[in-house]
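Residue-level structure breakdown
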There are 2 protein chains.
Amino acid sequence: MNRARLPVAAAAAALVASPLAAQRPMQNVAVPDGARVRQALEYVARTEPQTVEEQIAICQIEAPPFKEARRAEDYRRRFAELGLAARVDSVGNVIAERPGAPGEPVVVVSGHLDTVFPEGTDVGVKREGTILRGPGIGDDCRGLAILLSVARALEQGQIRTRGTVVFVGTVGEEGAGNLRGVRHLFEREMKGRVDAFISIDGTGLGITRDAVGSHRYTVTYRGPGGHSYGDFGMPNPVHALGRAIARISDLQVPSTPKVTFSVGVIEGGTSVNSIANEASFQVDMRSVDSAPLDSLDARFRAAVQRALEEENARWRSDVRLTVAIDTIGIRPAGTQAADAWIVRAAEESGKRLGFTPPAIASSTDSNIPIALGIPALTIDGGGNGGGAHSLQEWFDTKDSHLGTQWALLLVLTLAGVR
Amino acid sequence: MNRARLPVAAAAAALVASPLAAQRPMQNVAVPDGARVRQALEYVARTEPQTVEEQIAICQIEAPPFKEARRAEDYRRRFAELGLAARVDSVGNVIAERPGAPGEPVVVVSGHLDTVFPEGTDVGVKREGTILRGPGIGDDCRGLAILLSVARALEQGQIRTRGTVVFVGTVGEEGAGNLRGVRHLFEREMKGRVDAFISIDGTGLGITRDAVGSHRYTVTYRGPGGHSYGDFGMPNPVHALGRAIARISDLQVPSTPKVTFSVGVIEGGTSVNSIANEASFQVDMRSVDSAPLDSLDARFRAAVQRALEEENARWRSDVRLTVAIDTIGIRPAGTQAADAWIVRAAEESGKRLGFTPPAIASSTDSNIPIALGIPALTIDGGGNGGGAHSLQEWFDTKDSHLGTQWALLLVLTLAGVR
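Before going into details, it helps to say that this report is about the structure given with it. (Residues numbered from 1 in each chain as written. Chains lettered and ligands numbered in written order. Predicted model: local features only at pLDDT ≥ 70, side-chain atom pairs only at ≥ 80, totals over all residues. Heavy atoms only, no water.)

With that settled, the discussion passes to helix α6 (residues 180-189) of chain A. Those residues of α6 of chain A not exposed but buried are G181, V182, R183, H184, L185 and F186 of chain A. Where α6 of chain A is buried, its residues contact β3 (94-98), β4 (106-112), β7 (164-170), β8 (196-200), β15 (322-331) and α10 (367-372) of chain A. (Buried < 20%, exposed > 50% of the residue type's maximum accessible area, 1.4 Å probe, protein only. Helix = DSSP H or I, 4+ residues; strand = E, 2+ residues; numbered from the N terminus. Contact = heavy atoms within 4.5 Å.)

Structural data, given as structure tokens:
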């Protein structure tokens, strides 16, 4: 999860213009009730300690970026032990299907396997009262554990859903992973099959309704380099970089929908008295609306090119710098109507459990389906937490069963109960 | 030695305006002749193999920046063994005096003890025919060995000089050393006593007549930093840095005298999606003429300040960035007339030995006396070489005795023979 907590209110004005806003015809939301459902909700509350134990056990298996295989195999085994057909797909996603009736919708409920932590990180989890401390304990061991609890409740209660429920542990949600797991799911593995997508990611009781898209690049200026005095008069890659960043700094962006840009990391040069042969920067641009994000992207590229031309034109030299723009990651943006079917389903499910989930915009696995116009959102996993992406990450299990119940009830609302 | 090989012709136009050009009343240059001098010249040629052995032996004692003590003590001992009063001063310079007649000039002849190579560098010297390979073998083990040979020749030939000859091995000539050894010599140790200063540095048979001054700084922009999306709208230190470098890139400088500037190293940021809390760059500005260098320095500072103001003004935010300019090193600039007494002395000495030394501008220990208006220059140590400041540094001993003879004859010309 790559979250910036902000209300989506500001972004709402953009909805009218978004082709994704209308998505699908409105559907009725019917949060299921009845004895079996109530028993299942009681079951996940009662067995929440077991869910927390699984959350810890999963988390103590390393899952560094691009190296989720060991945790994935363990996770697959846990679904298999519940009696579900579970497999690992070609990119490493764990997929466990629980079939519904033929012709009925397919609901995917997912958490992500990967963490931001490199190999060798101490992933031991410590308990202090209701607090769990450990890298990844909330983001997203919490989501992974909830999926298992939901699956167990459905099996134990012998609940037959109308639609098919597919539990998925995705790879590559974080950073350079660039959503590769969920991309594969929608582009290959389950292409055209998914009617609704839920990601359970992080802590609290909120909804990620809108997808913050991001365009991230590394820009590198290159030249022969030389001696700062002896070779003076040669275009300087660091100077070209400065010109580009100066231009980027003055780009104008709308505040509604929110559009942002930041040059985050710079690098270049070997010594104070050398003209560098290479200088690079990393830029991050984001918005929930793809149109202004694409416009910003185009102006960023123009700035990079213009800086190159300016620095080359500055000197009477045969040397010409070059520039390369390499993609770090592209995450598509998307918004949904505040009264979209899946949003109302999440809200109504929460209300049934006694809380009103706030909606935010963030960057999660749901970015991919939201951008495709498929009903999707990310819900928090309950409890409370902080320090995501840091070694000090923590999760408070107090009332965390509410998150598990919410996930279960939302899945049953979307899939329907026979 | 920190050399950019270029003819001083281009800088000559600045001489008229330089207060240092006139320096001292013109003196006659009389290159001494006579049997004793000729015998001494023959002696250093004959014992050149011993000089080369000493060059190697000295070089195989590490002398990293700010850690010249071990080589210094060895070097002091070598002068003491020749019968000279030799000591190590409070900053680590080795000083060995050979008194002349009272009231006569004091001539300092020096080499530098320090290298650019860090502790732990393999400083073993390899011989392949006439070629020596080893870090520092030319720069400046060559100069150090020549000083010993000159002292030995004077002692062995019982030559009485009119002036006092002071042999000095300086510390801190390279990089961050910032000429601290020679500074101490002129500001404290021998303040007001030096009438002429010769540094022997590097390889070849050229003269460094003009002192390339340099101003080097680290500029650091700081702010609280934050999340690229969540905290968007906060001034960004990397953006301020870009604005500063862009302004610096467009500074205009005269070509005669040559004035240069370069942003060499940049650093900042922790991740693509964070607003950095710190971003810094290192800048190098140089010239043989202090007036345009000072003007450039002032415009650089204005650019740094203006960039700060622009970035702070760009956003409606309570956050204000700050900036700090830290000095890496300041080396004073200075030029001398092409017919200055000490320059003619070096040229006439060379001609007597059969070669005409070309004059260049460079940054050496002589920067300090040249800027003070004291007759000073740096001569090469003979032979041939390359790869200075690299682990591949080499020195070719072919005809290297010419460098030793030149140094001897120049010392005798400046000090006079009784």
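A word on the environment of S110 of chain B. Residues and elements named next belong to chain B. With respect to the helices, strands and loops of the structure, S110 is situated in strand β4 (residues 106-112). What makes S110 buried here is its relative accessible area of 0%. Along the chain, S110 and E81 lie 29 residues apart, while their C-alpha atoms are 18 Å from each other. Those residues in contact with S110 that sit more than four places away from it in its chain are L147, V168, T170, F197, I198, S199 and I200.

Take the interface of chain B and chain A next. In this complex, chain B contributes 53 residues to the contact, which on the side of chain A involves 53 residues. Summed over both partners, the interface of chain B with chain A buries about 4,100 Å², with 59% contributed by carbon and sulfur atoms. By the criterion of area lost to chain A, the three top residues of chain B are Y229, I266 and V272 of chain B, representing 21% of everything that side buries. At the junction of chain B and chain A, the tally comes to four salt bridges. Measuring nitrogen to oxygen at the nearest pair gives 3.9 Å for the salt bridge that ties D250 of chain B to R314 of chain A. In this assembly, chain B and chain A are joined by 20 residue pairs in polar contact (both at pLDDT 80 or more). Within the residue set of the side of chain B that touches chain A, elements represented by two or more residues are β1 (2-7), α6 (237-249), β12 (259-268), β13 (274-275), β14 (278-287) and α7 (290-314) of chain B. At 10 residues, β12 of chain B tops the list of elements feeding residues into the side of chain B that touches chain A. Split into classes, the residues belonging to the side of chain B that touches chain A amount to 24 nonpolar, 19 polar and 10 charged. Two elements, strand β12 (residues 259-268) of chain A and β12 of chain B, share three bridges in a ladder whose sense is antiparallel. (Buried area = accessible area lost by both parts, 1.4 Å probe. Salt bridge = Lys/Arg side-chain N within 4 Å of Asp/Glu carboxyl O. Polar contact = N/O pair within 3.5 Å; in protein donor to acceptor, adjacent residues only side chain to side chain. Nonpolar A, V, L, I, M, F, W, Y, C, P; charged D, E, K, R; others polar. Pairing = 2+ DSSP bridges.)

A word on the packing of aromatic side chains. For the structure on display, the rule yields 16 aromatic pairs over all chains. Where F355 of chain B meets W406 of chain B, the ring centres are 5.1 Å apart and the plane angle is 90 degrees; that geometry is what we call edge-to-face. In this pair, F355 of chain B sits in the loop between α8 (341-352) and β16 (359-363) while W406 of chain B sits in helix α10 (residues 401-415), placing the two residues 51 residues apart along the sequence. W406 of chain B carries the same exposure label as F355 of chain B, and that label is buried. By the ring-pair criterion, three or more aromatic residues cluster together here, those being Y75, F79 and F167 of chain A. In this structure, R301 of chain A packs its charged tip against the face of Y217 of chain A, placed 4.8 Å from the ring centre. (Phe/Tyr/Trp six-rings, centres within 6.5 Å; stacked < 30°, edge-to-face > 60°. Lys NZ or Arg CZ within 6 Å of the ring centre and 35° of its normal.)

Here we have eight strands laid out as an open sheet, ordered β15(A)-β10(A)-β14(A)-β12(A)-β12(B)-β14(B)-β10(B)-β15(B), and antiparallel in their pairing. A single partner strand is all that each edge strand has here, and the edge strands are β15 of chain A together with β15 (322-331) of chain B. Along the sheet, successive strands turn relative to each other by an average axial angle of 25 degrees, direction set aside. Packing of α7 of chain B onto the sheet brings it into contact with β12 of chain A together with β10 (213-222), β12, β14 and β15 of chain B, and relative to β10 of chain B it is tilted by some 10 degrees. (Axes fitted to C-alpha atoms, helices over the stretch in contact; angles between N-to-C directions.)

Next up on the list: the nonpolar core. Across soluble globular proteins, you tend to see nonpolar side chains buried next to one another. Formed by 61 residues in total, the largest nonpolar core has its most connected members in F79 and F167 of chain B. Once residues lying within four places of it in the same chain are set aside, the contact partners of F79 of chain B are L84, A86, V94, A96, L147, L148, A151 and F167 of chain B. (Core = buried A, V, L, I, M, F, W, Y, C linked by side-chain atoms within 4.5 Å.)

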